[in-house]
Amino acid sequence: MPLSLVYRQFSLKRCCRYISVTLLIAWAFSLQASSTEETLYLGNSGEPGTLDPHRYNLRLEETLLNDLFMGLTTFSAQGQIVPGAATSWTVSEDGLTWTFNLRKDLRWSDGTPLTADDFVYSLRRLMNPQTAASLAYFMYMLDNAEAVNRGKLPETDLGVYSQGPHTLVMQLAAPYPFLPERLLYPTAFPVPQHIINKVGAAWTKPEHWVSNGAYTLAHWQPEAFIEMHSNPHFVDSVAIQRARYLPFANEQAAYNRYRNGELHAIASFPANELARVEKNNAASLRQSPLLSMMYLVFNTRRPPFDDVRVRTALASVVDQNLLADKVLRSGARAAKTFTPEMITAYQAPPMDHSHMPGDLIERAKRLLAEAGYDAKRPLRITLRHVSGNEEKRVNLAVAGMWRQLGVQTQLQHGTMNAHFADLRQGEFDVAWAGWIGESNAEHYLGLLASDVGDVNYGAYHSAEFDQLIQQARTHADVQSRNKLLQQAEAVALREAPVVPLYSLASRRLVNPRLGGWYDNPRDIHPLRYLHFATDQPRP
Amino acid sequence: MRLPPARYLLQRIIFAGVTVLVLVSVVFVLVRLTPGGPFDGERQLPEAVEKNLRAAYHLDEPILQQYLRYLSSLLTGDLGPSFRSKDFTVNELIAAGLPTSATLGLLAMTFALISGVTIGTFAGLHPDSWTDRLLMALNNLNLATPTLITAPLLVLLFAVMLSWLPAGGADGWLHFLLPAIALALPFSGAIARLCRGSVVDTLLADHLRTARAKGLGRTQLVMRHVLPLSLLPVLSYLGPASAALLTGSVVVEQIFAMPGIGRYFVEGALNNDYTLVMGVVVVYSAFIASLNLLVDLAYAWLDPRLVIAQ
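Criteria and thresholds
- Residues numbered from 1 in each chain as written.
- Chains lettered and ligands numbered in written order.
- Predicted model: local features only at pLDDT ≥ 70, side-chain atom pairs only at ≥ 80, totals over all residues.
- Heavy atoms only, no water.
- Helix = DSSP H or I, 4+ residues; strand = E, 2+ residues; numbered from the N terminus.
- Buried < 20%, exposed > 50% of the residue type's maximum accessible area, 1.4 Å probe, protein only.
- Contact = heavy atoms within 4.5 Å.
- Areas by Shrake-Rupley, 256 points an atom, 1.4 Å probe, with all protein chains shown as cover.
- Axes fitted to C-alpha atoms, helices over the stretch in contact; angles between N-to-C directions.
- Parallel < 35°, antiparallel > 145°, perpendicular 65-115°, else oblique.
- Left-handed = near helix turned anticlockwise from the far one by under 90°.
- Nonpolar A, V, L, I, M, F, W, Y, C, P; charged D, E, K, R; others polar.
- Pairing = 2+ DSSP bridges.
- Domains from an automatic or database assignment.
- Buried area = accessible area lost by both parts, 1.4 Å probe.
- Salt bridge = Lys/Arg side-chain N within 4 Å of Asp/Glu carboxyl O.
- Polar contact = N/O pair within 3.5 Å; in protein donor to acceptor, adjacent residues only side chain to side chain.
- 1 Å grid on protein atoms, 1.4 Å probe; cavity = no way out; pocket = protein on both sides within 12 Å on 5 of 7 lines; lining within 4 Å.
- Points joined across faces, edges and corners; volume = space filled by probe spheres on them.
- pLDDT = per-residue confidence, 0-100.

Q: I would appreciate a short explanation of the overall build of chain B in the present structure.
A: Summing up its helical and strand segments, chain B has twelve helices and zero strands in all. Each helix (α) and strand (β) of chain B, taken in turn from the N terminus, gives the series α-α-α-α-α-α-α-α-α-α-α-α. Seen along its three principal axes, the alpha-carbon backbone of chain B occupies a region of about 85 × 55 × 30 Å. Counting the 310 residues in chain B, one finds 49% classified as buried. Partitioning the intrachain contacts of chain B with sequence separation of at least 6 by distance along the chain shows that 74% fall at a separation of at least 24. Just so you have it, chain B exposes about 15,300 Å², and 71% of that area is on carbon and sulfur atoms.

Following this line, the structure appears as structure tokens:
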């Protein structure tokens, strides 16, 4: 039966309407696609708490600040330390006086010249108690720094001064050969005195923003995005003119949006998707070992963890390879020493491999028996960790390893904040902890010194260890310093205040069209080195 | 129809104000009882530094003084500085997040009302037919599935697999579609069930039989007599529903990474950002209290017997 004319008209009209709506939606999407061509969309691992380099606290804030500012030293595309605002530097023989020669073409993003006095102002601001800088202690190696930060000395007494507009001098309290690495942190970045004096705390708002990095802050909508535009007064040209960082506390959300083509790169994705990514998205997958150490810490304030026999018994049966390769399977690397193996200049103390696994268990049982624990009187432990799938799996596995010794382990978990608050107060038996840090052994071993305060969670105290660390701190030469650190680490491995578990691996997805991206153990990828494959790379 | 008396109105307003004050006070104590503090970040602070920080945010004062300080600034409309987002005040954060949350909430409520009332009325008009049974079975399935499951499923299907819609964010109206649907689903289910039940009840009423006997058409009967009466339970459900919608939006904003105040609430709670959590609670409770007030008034307007009974 032929369709009636009315019906045909009706359906034609309807078809037209559908087609136009579809075209409209397609157009909206094409708009989105074309804007993606101009702007680089990146996933960051959360919302920054601040963009003030002196008040920041998180790694995800460092990511943003590295694009907005440039310190005396900076990162290369490969994540290595290279001269930044300083072209070169010299160190006095005693290692106490560092003289930095600044670039002569340094300017703030508003065109104002940037001089050594800006660095002096910035370091004084960092130490001023009014700033309430949470990471002020990163620069405590400067002469009088701690006293200034505690408000006991005026900020003019801080060991930093200028010698003309292009020379900056830092006076240290004790030799610190790792200073160029420490200057990579935003705590040592210059902040614009001329703007802060004018607008006060509002200087971090996009409308007042002035910085000296490759990019400036253009928009900031909390929990939505941070948009950066290239800085016309930066010392180099950049390929990417506009970039947006989107905050993702949830890895799954970032992963979904990457798969939907809404982002060019993300900071991380769920570890349980790794196999699928390797299969379907291999060209995007970027994995790299990360300078970090995840470990278990024994609370030596509480018996029986003050007994070295108990600690070594428990530490000796933890199989790090099993944790990294079978339990985690996220690219993490098993760690047998407390210093990450990526630290190239340092050689960790040799390990004793003479015991077979079976022997280890027998030996551990014997040690526990000597300490008074056996099948009749089993050792009961509460093992604490941060809530999370990966952490739970690791700690369950550790509990399983200890069960071979007849040890009964109860797991307890809490949020990141609550967990570390309890660790600092010593409210635990054994706890999982982690440290993501620098490429020098002192940075990690220092966590076990008795003078570092509550970061030495387990309150480990060893006169021998402390003495070696103190001695190392007096040496200006890295090699002799490292030798002493190696001896100190041997003490720590013998007395087992901590059980090294594994070093993390960064796990990113990066659009293969994005050039200039190099995997590195700091997982740092400054925007200024990146370019789209269709663009010309930066010379 | 007449307006409810002034005394009833005043009583309701005072009750709403007291509710908000009690809630704010309870939350003020609760956030401080949670383990951890606002400055426990991924890096640990030396004692001197933490002392500087606590002094800067008046956390070194006795708790009663902190409470009075908070209440007095609250009266001037100042929700204080955020501990975690140091570059924003809580007022700025809420001003930035509220439009997103409000758009999402309104859109979801509209979706829920339209689909819920349509499905409920349709099923109620054909009680015990196979369409009724099918619709109600699907509806029960919808009610039983939490947003925590439907939202990721929607993302997986429409964003990741089909690539029709964005998987998150709030850059344009397209970004609101999936979250609003995810948020609306359970409410449309509840509304449909309520609506069906009251339509079935209303159809049995005497005055409807009379109306039918007098020859009123089916459409007119439904629109003029059945719907207004059967919407009463839906109306009283809107108060608690808007509260549940807010808690639902906390989940949805998190899953779709939307920059709304629900997300601030979650992040604030995780980071022990006392003032941000308090600020969101103030906004939420003021909103819920005023919505309940509106529902009370609307109810009194629709059914004056309630006021007389009180």
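Q: Even after reading the chapter, I still don't get the packing of helix α10 (residues 320–328) of chain A against helix α12 (residues 389–403) of chain A, so can you show me in this structure?
A: A pair of packed helices is captured by two measures, namely the crossing angle of their axes and the spacing between those axes. All names here are of chain A. The geometry of α10 relative to α12 is characterised by a closest axis approach of 10 Å and an angle of 130 degrees between their N-to-C directions. Between α10 and α12, the crossing angle belongs to the class labelled oblique. Like other packed secondary-structure pairs, α10 and α12 cross with a definite hand, here right-handed. Within the contact between the two elements, α10 uses Leu322, Leu323, Val327 and Leu328 and α12 uses Glu390, Arg393, Val394, Ala397, Val398 and Met401. Taken together, the residues of the contact of α10 with α12 sort by class into eight nonpolar, no polar and two charged.

Q: Honestly, the sheet that holds strand β5 (residues 97–102) of chain A in this entry has me stumped. Any pointers?
A: The strands that make up a sheet are held in pairs by hydrogen bonds between backbone atoms, and each pair lies either parallel or antiparallel. Residues and elements named next belong to chain A. The strand order β4-β5-β7-β6 describes an open sheet built from four strands, whose pairing is antiparallel. Edge strands, defined here as strands with exactly one partner in the open sheet, are β4 (86–91) and β6 (160–162). Neighbour-to-neighbour, the strand axes of the sheet open up by a mean angle of 20 degrees, direction not taken into account. Bridging between β6 and strand β7 (residues 167–171) involves three bridges; their strand directions are antiparallel. Within β7, the residue paired with Tyr161 across the bridge is Val169. Along the sheet, helix α3 (residues 116–127) contacts β5, β6 and β7; its crossing angle with β6, the most-contacted strand, is approximately 160 degrees.

Q: Looking at this structure, I do not really get the domain arrangement of chain A. What am I missing?
A: Much of the literature gives interface size as the accessible area that the parts lose upon coming together. Residue and element names in this part refer to chain A. With domains assigned, chain A is organised as domain 1 (1–34), domain 2 (77–186) and domain 3 (292–503). Roughly 900 Å² of surface becomes buried between domain 2 and domain 3 when both sides are summed, with 55% attributable to carbon and sulfur atoms. Counting the contacts that link domain 2 with domain 3 gives one salt bridge. The salt bridge partner of Arg182 is Glu438, with a shortest N-O separation of 2.6 Å. The residue inventory of the side of domain 2 that touches domain 3, partitioned by class, reads six nonpolar, one polar and four charged.

Q: Could you clarify how one ought to interpret the interface of chain A and chain B in this entry?
A: Tallying the contact residues gives 55 residues for chain A and 49 residues for chain B. Regarding the contact of chain A and chain B, the summed buried area is about 4,400 Å², with carbon and sulfur atoms giving 51% of it. It is Glu223, Asn417 and Arg424 of chain A in chain A that bury the most area against chain B; as a group they hold 15% of the surface buried on that side. If you look at where chain A meets chain B, you find three salt bridges. Residues Arg244 of chain A and Asp171 of chain B are paired through a salt bridge, measuring 3.7 Å at the closest nitrogen-oxygen approach. On inspection of chain A and its partner chain B, the count reaches 14 residue pairs in polar contact (both at pLDDT 80 or more). Looking at the side of chain A that touches chain B, the elements with two or more residues in it are α1 (5–38), α2 (59–68), β8 (215–221), β10 (242–247), α7 (251–259) and α13 (416–424) of chain A. Tallied by class, residues from the side of chain A that touches chain B come to 27 nonpolar, 13 polar and 15 charged.

Q: Got a minute to help me understand the sheet that holds strand β17 (residues 430–436) of chain A in this structure?
A: All names here are of chain A. Here we have six strands laid out as an open sheet, ordered β14-β18-β13-β17-β15-β16, and mixed in their pairing. Of all strands in the sheet, those bounded by a partner on one side alone are β14 (333–334) and β16 (408–414). Strand contacts of α13: β15 (380–386), β16 and β17, with the helix running at about 110 degrees to β17, the strand carrying the most contacts.

Q: Sorry, what's going on with the packing of helix α1 (residues 6–33) of chain B against helix α3 (residues 63–75) of chain B here?
A: Residue and element names in this part refer to chain B. Relative to each other, α1 and α3 sit at 140 degrees, their axes nearing to 12 Å. With respect to each other, α1 and α3 are oriented oblique. Note that α1 runs across α3; the crossing there is right-handed. Residue-level contacts link Leu21, Val24, Ser25, Phe28 and Arg32 of α1 to Ile63, Gln66, Tyr67, Tyr70, Leu71 and Leu74 of α3. Looking at the contact of α1 with α3, its residues break down into eight nonpolar, two polar and one charged.

Q: Mind showing me how you'd approach the domain arrangement of chain B here?
A: Residue and element names in this part refer to chain B. Per the domain assignment, the segments making up chain B are domain 1 (1–84 + 271–310) and domain 2 (99–270). Computed over C-alpha atoms, the centres of domain 1 and domain 2 are 29 Å apart. Taken together, the contact between domain 1 and domain 2 spans 17 residues of the former and 18 residues of the latter. Here domain 1 and domain 2 share an interface that buries about 1,500 Å² over both sides, 75% of which is from carbon and sulfur atoms. When residues of domain 1 are sorted by the area they lose upon contact with domain 2, Asn271, Tyr284 and Tyr299 head the list and together hold 36% of the total. Scanning the region where domain 1 abuts domain 2 turns up zero salt bridges. Inspection of the domain 1/domain 2 interface yields six residue pairs in polar contact (both at pLDDT 80 or more).

Q: What am I meant to see in empty space enclosed by the protein here?
A: To find leftover empty space, a probe the size of one water molecule is rolled over the atoms. Counted under the stated rule, the structure contains four cavities of 30 Å³ or more. Taken together, Glu47, Pro222 and Glu223 of chain A together with Arg84, Ser85, Leu93, Tyr264, Glu267, Gly268, Asn271, Asp273 and Leu276 of chain B make up the lining of the largest cavity. Per-element accounting of the lining of the largest cavity gives the leading share, three residues, to helix α10 (residues 261–270) of chain B. Tallied by class, the residues present in the lining of the largest cavity amount to four nonpolar, three polar and five charged. Per-domain counts for the lining of the largest cavity show at least three residues from each of domain 1 (1–84 + 271–310) and domain 2 (99–270) of chain B.

Q: Any chance you could explain the pattern of salt bridges here in plain terms?
A: Opposite charge on two side chains allows them to pair when their charged atoms are near. For the structure shown, the criterion picks out 26 salt bridges over all chains. Arg263 of chain B is paired through a salt bridge with Glu223 of chain A; the nearest N and O atoms lie 3.5 Å apart. Here Arg263 of chain B is found in helix α10, whereas its partner Glu223 of chain A is found in the loop between β8 and β9 (225–230) on a different chain. Given the relative accessible area of 3%, Arg263 of chain B is considered buried.

Q: How should the confidence of the model for chain A be read in this particular structure?
A: Close inspection of predicted coordinates is inappropriate in any region flagged by low pLDDT. All names here are of chain A. Mean pLDDT over chain A works out to 88, with 91% of the residues at or above the 70 mark. Mean pLDDT across the elements of chain A ranges from a minimum in α1, with 49, to a maximum in β5, with 97. This stretch, residues 1–12, has a pLDDT under 50; its non-local contacts, to residues over four places away or in other chains, come to one contact. Below pLDDT 50 for its whole length, residues 29–37 participates in eleven contacts with residues either more than four positions away or in separate chains.

Q: Can you walk me through the pairing of β9 of chain A in this structure?
A: On a regular strand, one side chain projects to one face of the sheet and the next to the other, so that they alternate. Residues and elements named next belong to chain A. In the sheet, β8 pairs with β9 via six bridges, with the strands oriented antiparallel. Note on β9: the bridge partner recorded for Gln221 is Phe225. Where β8 hands over to β9, the hairpin turn is made up of three residues, of which Glu223 adopts a positive phi near 65 degrees. Bridge count between β9 and β10: four bridges; the pairing is antiparallel. Each bridged residue has a counterpart across the sheet, and for His229 the counterpart in β10 is Arg242.

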